[in-house]
Structure formats: structure tokens, C-alpha cells
Amino acid sequence: MPMPILNKKLKTQFVRDLKDKDQVQNPFLVKTSSVGLDKNSKPFMNLILMDKTGEVEARVWDDLSRHGGQVNADAFIWVEGKVQLYQGRRQVVVKSIQILREDEVELNEFLVEARLNAETLYKELLQFVHSMKDPFYKALAESVLIDDAEIVSKIKRAPAAKSVHHAYPVGLLEHMLSVTGLLDKISSHYGSFLDRDLMFLGGFFHDIGKIWELSYDRVVDYTDEGKLIGHLVMGVELVERKINSLEAQVGRLPGAFPLEKRLLIKHVILAHHGQYEYGSPKRPKCLEALLVHYVDDLDSKVNSIRMFVEKDESASRWTGLNKQYERYFYKSDSLVGHK
Ligand SMILES: [Fe+2]
Ligand SMILES: [Fe+2]
């Protein structure tokens, strides 16, 4: 019997190509969905639509009761509407929505392609691991970043966040490498009073719990484990597990894993958000932990502001309002000219 030909709705418009005043009639993947109220207390639905080329905001004003509950993150929808510019950003004003089944779309048209080469970045990360001197710290790094195939495969795909910074495939690995590279330069600059290997472990492991904190097969979201435990504690649990397993392997370590080193690496992970109100149960209490925190903060800010400025589409020299930083950014030639 011949196979029925599925009538798939293929994309003819991609997010990257949408321009002001374009009519939209295409399938999209819903990244986020929320309901807000306008100045007159009229409810509207705020969506972020995505496909493999990017993301665009969308507003739904009509028929909210019909769509509510169905238009959720991870849903495929057929959208009809029009693009308009709002505060320098494109926005689709939606006229109608229809829910699509997964077999009605071509999945590859929606999954974001990694713009970074994971294999190249991973090899660079291994250079840092190979350069470590402390046999205990080095064995710990190897047990996670080389020996554990499941972790390595997740590291080669995971984003570093849902939206704040490095929020794209392989973003976590890019962030790990960037933080470790900066820590390497800082350790050369200040010299031998800093424990370079401990800082390297901070670069590798401070956010490694994100490979389980986030789900990223389709839309990036928090997992139950991420919401209930979080990446700082998950990182500490990983370190505890790996040290115990290294100790159980005959001849893998020069002796018992020193308690002080075990405590210090856990502290660097637990303190990397810097302050209690940013989720750190401990504030940095050694220089290495303080530097990991500062460099982590620096790297995430550089990345998030760069992405924000690059994505701004207004013709002005100034971006729209950045809510996270509560300011408008100037679009310098050096940044906008090097997309
Ligand atoms: Fe973090
Ligand atoms: Fe980080």
C-alpha cells in the first residue's frame, strides 16, 4: 500500500528575512508565550517565535480565549499577520493562529543551527586541561571533560542560558573557554600567588551544572532538576561524585584527594554568582573564587550586550531600551560593522 503523502507546511519565510510591513503567512515554533495587559488593561499575548534563523517577538490582540492554553512554548503554529517595527525591533502583529502537529512541519527548519564549531572549541578547552600541573585537579578535570562521554556530548551542544547570555547552541562551551582563557591571562599577569589550576577548574565547572539545568533539544527551558536544585549545587554534586569515583580507581590519583582541594573547588563553584541575592549560597572567600566570579560576570555581560546591539535593527545610532541593564546602548562602528 503506498504511504500517504503528508501535507507538510514548509516554510517560505524565515525570521532572518522578515522586514517591516511584510505580510506573514508561515509556520513558526513558539519559544515563549505570556499574557500581559496594555495601558487600558486590555489583555494581549506576547510570543517569541523562532525558526532556525532566529527569533522575533509577536503580539496577539484578538481571540485570546481561543488561543490561551494552546499556544505554549514548544508548540508549532501557523501564523498570519504583519511585521512592524516597535522600539527598533521587529514585531509580528498576529491576525490568526492555528496549532500545527509536529508531523505537519519540517523539524529541521526550526532547530537553531550552531554558529560555533563545537569540536574546535572542545579541542581548545582540552589544551587548558593538558596544561594543568596539580595531579589532583588535573585528574578531576580529565574525569569530567575527557572520560565522561555523556557530559562531553552535552557540553558540545548546550547553551549557557535561556536568554541572558550565550543563549544559543554551544554557548556554554564558548563561555567556559572564554572564562578559562581570561583566567589564564590573569594568572600570568599576577603571578604565582594565584592557584592557576584551581581557577581553571572554576572556568570549567562553575556553570557545568547547566547541561542538566536546561533542556535544549528544541526550545531552551529549565528542567525540573534545574528549577529545584540549580546549576551551582549540581556542579558541586558532580565534583563530589567524580572525586569519589577517582578515589575508587586504583592508581588514578597520587593519594587520597586532599580535603582542602575538595573544599576549595566546591567553594569556587558555590560562590561564582558573587552575592546571596544572585543565588550564591557563599560569597567568594579566596582570591581564586573572587576572580572566577568577576571574570564570569565580565564575560556574560560582554556577550549579552554584544548580542543585544547586534540584534538591534533600528536605523538610529542607539538601540532600543535594554530592560536588563536599564539603558540604551550606543551602536559603535566596531561592533555593528563586524556582525
Ligand atoms: Fe552561573
Ligand atoms: Fe558563567
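Residue numbering note: each chain is counted from 1, following its sequence as written. Labels follow written order: the first chain is A, the first ligand is 1, and so on. A pLDDT threshold of at least 70 governs which residues receive local features in this predicted model, and a stricter bar of 80 or more applies before side-chain atom pairs are shown or counted, although totals over entire chains, interfaces and linings include all residues.

A.B. asks: Would you explain the packing of helix α6 (residues 196-205) against helix α11 (residues 287-311) in this entry?
C.D. replies: Two quantities define a packed helix pair, namely the angle between the helix axes and the distance between the axes. Fitted lines through C-alpha atoms give the axes, limited to the stretch in contact for helices. The angle between two N-to-C directions lies from 0 to 180 degrees. Secondary structure elements follow DSSP: runs of H or I of four or more residues count as helices, runs of E of two or more count as strands, with numbering from the N terminus. Interaxial distance between α6 and α11 falls to 9 Å at its minimum, and their mutual angle equals 35°. Relative to α11, the crossing made by α6 is right-handed. The segment α6 lies against α11, with Leu198, Met199, Gly202 and Gly203 engaging Glu288, Leu291 and Val292. Each residue receives one of three labels: charged for Asp, Glu, Lys and Arg, nonpolar for Ala, Val, Leu, Ile, Met, Phe, Trp, Tyr, Cys and Pro, and polar for the others, Gly being one of them. A class-by-class count of the residues in the contact of α6 with α11 yields four nonpolar, two polar and one charged. Here a crossing is taken to be left-handed if its near helix is turned anticlockwise relative to the far helix by less than a right angle, and right-handed if that turn runs clockwise. Any two residues are considered in contact once their C-beta atoms, placed from the backbone, lie within 7 Å.

A.B. asks: Got a minute to help me understand the domain arrangement of the protein chain in this structure?
C.D. replies: Buried accessible area, meaning the area lost when the parts come together, often serves as the stated size of an interface. Domain limits in this description derive from either an automatic procedure or a database domain assignment. Segmenting the protein chain into domains produces domain 1 (15-109) and domain 2 (118-306). Each of domain 1 and domain 2 was reduced to a C-alpha centroid, and the two centroids are 36 Å apart.

A.B. asks: What is the right way to look at the pairing of strand β4 (residues 76-86) in this model?
C.D. replies: On a regular strand, one side chain projects to one face of the sheet and the next to the other, so that they alternate. Relative to β4, strand β1 (residues 23-37) runs antiparallel, the two being bridged by seven bridges. Residue pairing across strands places valine 24 opposite glycine 81, the latter belonging to β4. Judged from the 11 bridges that link them, β4 and strand β5 (residues 89-100) form a sheet pairing that is antiparallel. When the bridges of β5 are listed, valine 79 appears paired with isoleucine 97. A pair of strands counts as paired when DSSP detects no fewer than two bridges linking them.

A.B. asks: Even after reading the chapter, I still don't get the environment of leucine 85, so can you show me in this structure?
C.D. replies: Position of leucine 85 among the secondary structure elements: in strand β4. For leucine 85, a count of 15 C-beta atoms within 10 Å puts it in the partly exposed group. In sequence terms leucine 85 and alanine 271 are 186 residues apart; their C-alpha atoms lie 41 Å from each other. The residues touching leucine 85, leaving out its near neighbours within four places in the chain, are Asp20 and Arg90. Put simply, a residue is buried when 20 or more other C-beta atoms lie within 10 Å of its own C-beta and exposed when 12 or fewer do; between those, it is partly exposed, and each C-beta is set from the backbone.

A.B. asks: Where do I start with the packing of helix α9 (residues 231-248) against helix α10 (residues 259-270) in this structure?
C.D. replies: Two elements in contact, α9 and α10, have axes whose closest approach is 8 Å; the angle formed by their N-to-C orientations is 160°. By the angle between their axes, α9 is roughly antiparallel relative to α10. Every pair of crossing elements has a handedness; the one defined by α9 and α10 is right-handed. In this structure, α9 contributes Leu232, Gly235, Val236, Val239 and Ile243 to the contact, and α10 contributes Arg262, Ile265, Lys266, Ile269 and Leu270. The labels follow the angle: roughly parallel below 35 degrees, roughly antiparallel above 145, roughly perpendicular from 65 to 115, and oblique for the rest.

A.B. asks: Just checking my understanding: could you explain the pairing of strand β3 (residues 54-60) for this structure?
C.D. replies: Bridge count between strand β2 (residues 43-51) and β3: seven bridges; the pairing is antiparallel. Of the residues in β3, the one forming a bridge with leucine 47 is alanine 58. Hairpin connection from β2 to β3: two residues lie between these consecutive antiparallel strands. Bridge count between β3 and β5: four bridges; the pairing is parallel. Each residue of the ladder has a partner; that of arginine 59, found in β5, is valine 93.

A.B. asks: Just to check I follow, could you spell out the nonpolar core for this structure?
C.D. replies: Most often, soluble globular proteins have nonpolar side chains that are buried together. Membership of the largest hydrophobic core comes to 72 residues, with the highest contact counts inside it found for Leu49, Leu140, Leu201 and Val268. Residue-level mapping places this core at the junction of two domains, with at least three residues from each of domain 1 (15-109) and domain 2 (118-306). Those residues in contact with leucine 201 that lie beyond four places of it in its chain are Tyr137, Leu140, Ala141, Ile265 and Val268. To define a nonpolar core, we join buried Ala, Val, Leu, Ile, Met, Phe, Trp, Tyr and Cys residues through C-beta atoms within 7 Å and take the resulting set.

A.B. asks: Would you mind showing me how to read the environment of valine 94 here?
C.D. replies: With respect to the helices and strands, the residue valine 94 is situated in strand β5. Overall, valine 94 belongs to the buried group, with 24 C-beta atoms counted inside 10 Å. Sequence-wise, valine 94 and leucine 47 are 47 residues apart; in three dimensions their C-alpha atoms are separated by 9.8 Å. Beyond its immediate sequence surroundings of up to four residues, valine 94 is in contact with Ala58, Arg59, Val60, Val79 and Gly81.

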